[in-house]
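# Summary of the model geometry
Listed here are the chains, written in short residue letters.
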Amino acid sequence: MKQWQITDEWSFDGLKLVDTPRPEPGPGEVLLKMKAVSLNYRDFLMIGRGYGKMSGDLSLVPLSDGVGEVVALGDGVEGIALGSRRLPCFIRDWFDGDSGPVAFNSALGGPLDGTAREYMCTPVASSVPVPEHFSDVEAATLCCAAITAWNALAEMPKTAQNGGTVVTLGTGGVSLFALQLAKAQGARVIATSSSDEKLERLKTLGADDTINYRDVPDWGKAVLGLTDGRGADLVVEVGGADTIGQSMRATRADGTISLVGNVAGSIAEVNLPLVFMFRKRMIGISTGSVADFHAMMTYLDGKTNFHPALDGHIYDFDGLSDALQALPKGEHFGKIAVRVA
Ligand SMILES: NC(=O)c1ccc[n+]([C@@H]2O[C@H](COP(=O)([O-])OP(=O)(O)OC[C@H]3O[C@@H](n4cnc5c(N)ncnc54)[C@H](OP(=O)(O)O)[C@@H]3O)[C@@H](O)[C@H]2O)c1
């Protein structure tokens, strides 16, 4: 079989498509014939060992996201149909509850080998079935970004669920899933982007209101304007240093900021009284457990109108390195996916 691996140096020169023996499933595992994989910015950073020692050691199979068809069962595996599709969960050993300090030691695509291969084994207990109505490339996107958005939205104050206002920032994978999942759950969504063209596309995904954050740097105030001065119930905060001040402003008293990412910087100076005087809540979100994946897949099962936003260009397996190098250009809209088989 073929697999992509960062072979002997942490760089795109070291990223190679190699021949390797097909693995055999061990006890409690299934063998997946991979159908499709998808990309996150993390995967691009990982090529350059961007997560330091959390990147793991060489050689490393990159990518955390993918879906495969079960083609063989290891000892002790029962109740799993050959031919059914399963998605390996992002953090293999985080099953439920608190993640604990070492959960990320079992993250796919660094430090553990990831999904960019024709066949891979996964413990049944660390994988979930995929709803029928998703195509392979759609199903392959339902991993890192989707579970993060799912858990970010779960922090919505109970009083605001069903009809609350959610703000999403930019058009990265987490934000698009947050927009789509929030709409599916009945929220009103205010979405931002630096591009008017992308704002139009956000509307086609269901955004109720949009703001160009380049044209309107004080977009937190604009959110107040769109909510009769009250503010949003939840902000899915992916920007970090450059956006947290506006997110704090945009959030209502007793509302929540789900802290997810730092595409616009990590070290922030913030006006803390804005948080404690108005009892705003900031909570860190870090992907999700296997139990969270089960909950999300159960929710999506039967939601036949729900389809992850995919970029128009689907890559072939041979083109995976090109797909990764397209990520920082930021020209895509929706998840970048790669068909494996
Ligand atoms: N905590 C977790 O578990 C977790 C999981 C996944 C990802 N993350 C993190 O979450 C962040 C987003 O991940 P992703 O995969 O969705 O990223 P991504 O696809 O790389 O997002 C890129 C987008 O971010 C938007 N952006 C950049 N600067 C912005 C700003 N100042 N204000 C608003 N939007 C801005 C841009 O949108 P426009 O082009 O529309 O302007 C850009 O297209 C990253 O920092 C990532 O590391 C965290």
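Residues numbered from 1 in each chain as written. Predicted model: local features only at pLDDT ≥ 70, side-chain atom pairs only at ≥ 80, totals over all residues.

The first and last C-alpha atoms of helix H4 (residues 173-184) sit 16 Å apart over twelve residues, in line with the 16 Å expected at 1.5 Å per residue. With ten of twelve residues buried, H4 is to be regarded as a mostly interior element. Gly173, Val174, Ser175, Leu176, Phe177, Ala178, Leu179, Gln180, Leu181 and Ala182 are the residues of H4 that are buried. Taken from the residues just after H4, glycine 186 is the one with a positive phi, measuring 90°. (Helix = DSSP H or I, 4+ residues; strand = E, 2+ residues; numbered from the N terminus. Expected span 1.5 Å × (residues − 1). Buried ≥ 20, exposed ≤ 12 C-beta atoms within 10 Å, placed from the backbone.)

What follows is about the packing of helix H3 (residues 144-154) against helix H9 (residues 290-300). Axis angle and axis distance: for two packed helices, these are the angle between their axes and the distance between the axes, and together they describe the pair. At a minimum axis separation of 10 Å, H3 and H9 run at an interaxial angle of 85°. When the axes of H3 and H9 are compared, the pair comes out roughly perpendicular. Mapping the contact onto sequence places Ala146, Ile147, Trp150 and Asn151 in H3 and Asp292, Phe293 and Met296 in H9. A per-class count over the contact of H3 with H9 returns five nonpolar, one polar and one charged. (Axes fitted to C-alpha atoms, helices over the stretch in contact; angles between N-to-C directions. Parallel < 35°, antiparallel > 145°, perpendicular 65-115°, else oblique. Contact = placed C-beta atoms within 7 Å. Nonpolar A, V, L, I, M, F, W, Y, C, P; charged D, E, K, R; others polar.)

We now examine the site of the ligand. The immediate surroundings of the ligand are formed by 32 residues, with Gly170, Gly172, Ser193, Ser194 and Gly261 found nearest. When contributions to the shell around the ligand are tallied by element, the ones reaching two or more residues are helix H1 (41-47), H3, H4 and strand E9 (188-193). Residues of the shell around the ligand, tallied by class, amount to eleven nonpolar, 18 polar and three charged. Each of domain 1 (2-144 + 288-339) and domain 2 (156-284) contributes no fewer than three residues to the shell around the ligand. (Near = placed C-beta within 6 Å. Domains from an automatic or database assignment.)

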